[in-house]
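Chains, contacts and geometry: an overview
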Amino acid sequence: MVLLGRSGSGKTTLLKLANRLLLPKAGTVIVDGSSTAEWDPIQLRRRIGYVFQEAGLFPHYTVAENVGLVPWLERWDAQRRSDRVEEMLQLVGLDPREFAGRHPRELSGGQRQRVGVARALAADPPILLMDEPFGALDPVTRAELQREFASLARRLQKTIVFVTHDLREALLLGTRIVLLESGRIVADAAPQDFLTLEHPEAKAFAASLEAPQAQAIR
Amino acid sequence: MNAWSFFSGHRAEIASATLEHLVLVGISLAIAILIGVPTGMLIVRRPRLRGMALGFANVVQTIPSLALFGFLIPIPFLGGIGRRTAIVALVLYALLPILRNTFVGLTGIDPAVLEAAEAMGMTETQILWRVRLPLALSVIMAGIRTATVITIGVATIAAAIGAGGLGTFIFRGVAMVSDAVILAGAIPAALLALVADGALALLERRLRVI
């Protein structure tokens, strides 16, 4: 599922409600059948992988330590942990022999995001939250990661909530697109139907998709 | 009297005073670190204690050092004439930079990193030990470095209450109106401060993460 909306429309807030970084002032957020208010926040968060816009890697840990953090918190033994780290790095297209010992500052933006994804998936959480994970990358790297992630997401079979303000990305990755405007859901559609929606905000996003080409032709 | 001939004539005495000085500084710093760093960690999550602890350390820093040594003499258990009183005063002086830098280091961490730690399901305690502390280490080290230089300097005044150290030469030199004797205390003290500052600066750089 993709949460689409302009800056300030409440996308990130919605994600933070899901893993109880925020608690709702009114109403309830249900995760796996229980309200987040009833969940133990630590237990809840370890079942939910989170990928940040700027990766949010720990600068004092190596790539391997970053990826292995949640397994370590969950008290996996060392062998299982290092096997898992290796598996995860391969999954996101990083050679473990080359990257495991590096620190985040020794990585490019795209590599950092790959590590961020590997870290979020390390403890095999059933739910994955992604907050504009490719937003800060250059267009070429972004397209590369989007394509790879699209195929990865299909293989993973997890509940993924993906936040973006880019309709192109939403269409590429989403199986369901939820459009937010000023904190409210104004549309909820399959990607193939999204461009035909009548809501003004949906039309505005559809127009953003066409604008550059239209200008280029003129 | 020529300073150089005084130096060479009193080598053994200067060496033992330097050692005494180092012991005084070493013990005081060790105690100040043992008090300052844990207190700094504690006040990250306790705003009321924070005001009290930082306020206390600040006030102590404003008391002139000679006066602080004097104030401590009549206090039972802590005070009196000699090394123990000097150590108490030196600890009090070293506390502020260590406490303040520990607090600033622990709280000055990129909020995105802290949020990531929280979102990954780390407990407050794990975040403190595994994220905040390692990232704050170089800032804490900078505080310890400041405290070391201050303590080496202030420790010369401890001779006024009979704690020994390089200050002995300085006070004796003042009484004798002899530059040579003053320099016999002042030069080794200055060298100690410079060497300690350089060595700790190196350590601080190695602990820096970003």
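These notes cover the structure that comes with them. (Residues numbered from 1 in each chain as written. Chains lettered and ligands numbered in written order. Predicted model: local features only at pLDDT ≥ 70, side-chain atom pairs only at ≥ 80, totals over all residues.)

What follows is about unusual backbone geometry. Residues and elements named next belong to chain A. Look at R20: it is not a glycine, yet its phi comes out positive at around 65°. Within the fold, R20 resides in the loop between α1 (11–18) and β2 (30–31). You can call R20 buried: it has 22 C-beta atoms within 10 Å. With phi around 45°, S182 is a residue other than glycine that occupies positive phi space. Relative to the elements of secondary structure, S182 occurs in the loop between β7 (177–181) and β8 (184–189). Judged by C-beta crowding, with 11 C-beta atoms within 10 Å, S182 ranks as exposed. (Helix = DSSP H or I, 4+ residues; strand = E, 2+ residues; numbered from the N terminus. Buried ≥ 20, exposed ≤ 12 C-beta atoms within 10 Å, placed from the backbone.)

In this complex, chain B contributes 15 residues to the contact, which on the side of chain A involves 16 residues. Breaking the side of chain B that touches chain A down by element, the ones donating at least two residues are α6 (111–119) and α7 (124–154) of chain B. Counting residues per element, the side of chain B that touches chain A draws most heavily on α6(B), which supplies six residues. (Contact = placed C-beta atoms within 7 Å.)

Residue and element names in this part refer to chain B. Counting residues in hydrophobic clusters, the biggest one holds 104 residues, and the most contacted among them are L90, A94 and A158. The element that contributes the greatest number of residues to this core is helix α5 (residues 83–107), accounting for 14 residues. Not counting residues up to four positions away in its chain, the partners in contact with L90 are L24, S28, T151, V154, A155 and A158. (Core = buried A, V, L, I, M, F, W, Y, C linked by C-beta atoms within 7 Å.)

Of the positions making up α6(B), those classed as buried are V113(B), A116(B), A117(B), E118(B) and A119(B). Each element contacted by the buried residues of α6(B) is listed here: α2 (41–46) and β4 (48–51) of chain A together with α7 of chain B. Backbone geometry just downstream of α6(B) places G121(B) in the positive-phi region, at approximately 85°.

Another aspect to go through is the pairing of strand β6 (residues 159–164) of chain A. Residue and element names in this part refer to chain A. As defined by bridge partners, strand β1 (residues 2–5) adjoins β6 across three bridges and the pair is classed as parallel. When the sheet's bridge partners are listed, V2 is paired in β6 with F162. The sheet contact formed by strand β5 (residues 127–131) and β6 spans five bridges and is parallel. Of the residues in β6, the one forming a bridge with I127 is T159. Since β5 and β6 lie parallel, the crossover through helix α8 (residues 139–156) that links them has a hand, and here it is right-handed. (Pairing = 2+ DSSP bridges. Right-handed = clockwise from strand over helix to strand, strands pointing away.)

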